[in-house]
Amino acid sequence: MHHTTRPLSADEIAEINRIHLIDTPLRPADLLFVFGTREDEALRADTAARLWREGLFRWSIVSGGVTPGSEQSECTIIKAAMVAAGIPADRILEEHRAMNTGENVIFSLPVIDAALGLHNIRSVICLGNTWTARRYPMTLHRHWPEVEKILLTVDSFATPRALWHTDAEFRRRVLHEWNKIEPYKASGFIADWPEV
């Protein structure tokens, strides 16, 4: 636990803001990749619907399995909310088994390939939690390097993103994810993105 409660230097905070907590400029993409979540499902679905209304994607996939305390998969819950928010159900592919970010990608690629053909997808918007940040496109980049990746992250914290370190829970989540980056790179779970 000491990793997430230890004192942070201003330099480290600045590095995390600059390297980890990034979004990329939004532009139209072939696919919206909605990473499953156990919280903020409505926010994730509403964000996806806004992107759809703005013409920013043609297809979507929602990936997420059944988590403790729920009888429905994250995919089922989020897709239903996306459809309710105005996205046509036939534009949303489904992946119902993933229990982590690696599985989100590994289990979704065959679904995307079967429905659309991976070679037909040139660009992907990754939609997920602010604190997980660039680990989504880094995971995608490890398994699907050739596709262009765009990152959009959302959260319901009242604290502004750049001040994450001032909120105990936001800070805990960011540091938990930040601390995974180097070990995950060393294990081959993720690849450097954006490439420098």
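Heads up: these notes are all about the structure in this document. (Residues numbered from 1 in each chain as written. Predicted model: local features only at pLDDT ≥ 70, side-chain atom pairs only at ≥ 80, totals over all residues. Heavy atoms only, no water.)

**Considerations on the packing of aromatic side chains**
One pass over the full model with this rule turns up six aromatic pairs. Taking 5.3 Å as the distance between ring centres and 50° as the angle between the ring planes, the aromatic pair formed by Trp52 and Phe57 counts as tilted. Its relative accessible area of 4% is what places Phe57 among the buried residues. When the ring of Trp131 is compared with that of Phe157, the centres are 5.9 Å apart and the planes differ by 75°; the resulting orientation is edge-to-face. Of this pair, Trp131 sits in the loop between strand 4 (123-129) and helix 6 (135-143) while Phe157 sits in the loop between strand 5 (148-154) and helix 7 (168-187), and the two are 26 residues apart along the sequence. (Phe/Tyr/Trp six-rings, centres within 6.5 Å; stacked < 30°, edge-to-face > 60°. Buried < 20%, exposed > 50% of the residue type's maximum accessible area, 1.4 Å probe, protein only. Helix = DSSP H or I, 4+ residues; strand = E, 2+ residues; numbered from the N terminus.)

**Side note on the nonpolar core**
Across soluble globular proteins, nonpolar side chains show a tendency to be buried alongside one another. If you look at the biggest cluster of nonpolar residues, it comprises 22 residues, and the most contacted ones within it are Leu31, Phe33, Ile112, Ile121, Val124, Leu140 and Trp144. Elements that contribute at least two residues to this core include exactly strand 1 (29-35), helix 5 (101-116), strand 4 and helix 6. Here the element with the most residues in this core is helix 5; it accounts for four residues. Leave out the neighbours within four places in its chain, and Trp144 touches Leu31, Leu109, Ile112, Leu118, Ile121, Val124 and Lys149. Core analysis: the next-biggest nonpolar cluster, separate from the first, contains 20 residues, Ala49, Phe57, Val62 and Ile125 among them. (Core = buried A, V, L, I, M, F, W, Y, C linked by side-chain atoms within 4.5 Å. Contact = heavy atoms within 4.5 Å.)

**Regarding the sheet that holds strand 2 (residues 57-63)**
Whether parallel or antiparallel, the strands of a sheet pair through hydrogen bonds between backbone atoms. In spatial order, the strands read 3-2-1-4-5; together these five strands make up an open sheet with parallel pairing. Two strands bound the open sheet, and with one partner strand each, they are strand 3 (92-95) and strand 5. The average angle at which neighbouring strand axes cross in this sheet is 20°, direction not considered. In this sheet, strand 4 lies alongside strand 1 in parallel orientation, the contact comprising four bridges. Along strand 4, the bridge assignment pairs Leu31 with Val124. Packing of helix 5 onto the sheet brings it into contact with strand 1, strand 2 and strand 3, and relative to strand 1 it is tilted by some 140°. With respect to the sheet, helix 6 is in contact with strand 1, strand 4 and strand 5, its orientation differing from that of strand 4 by roughly 140°. (Pairing = 2+ DSSP bridges. Axes fitted to C-alpha atoms, helices over the stretch in contact; angles between N-to-C directions.)

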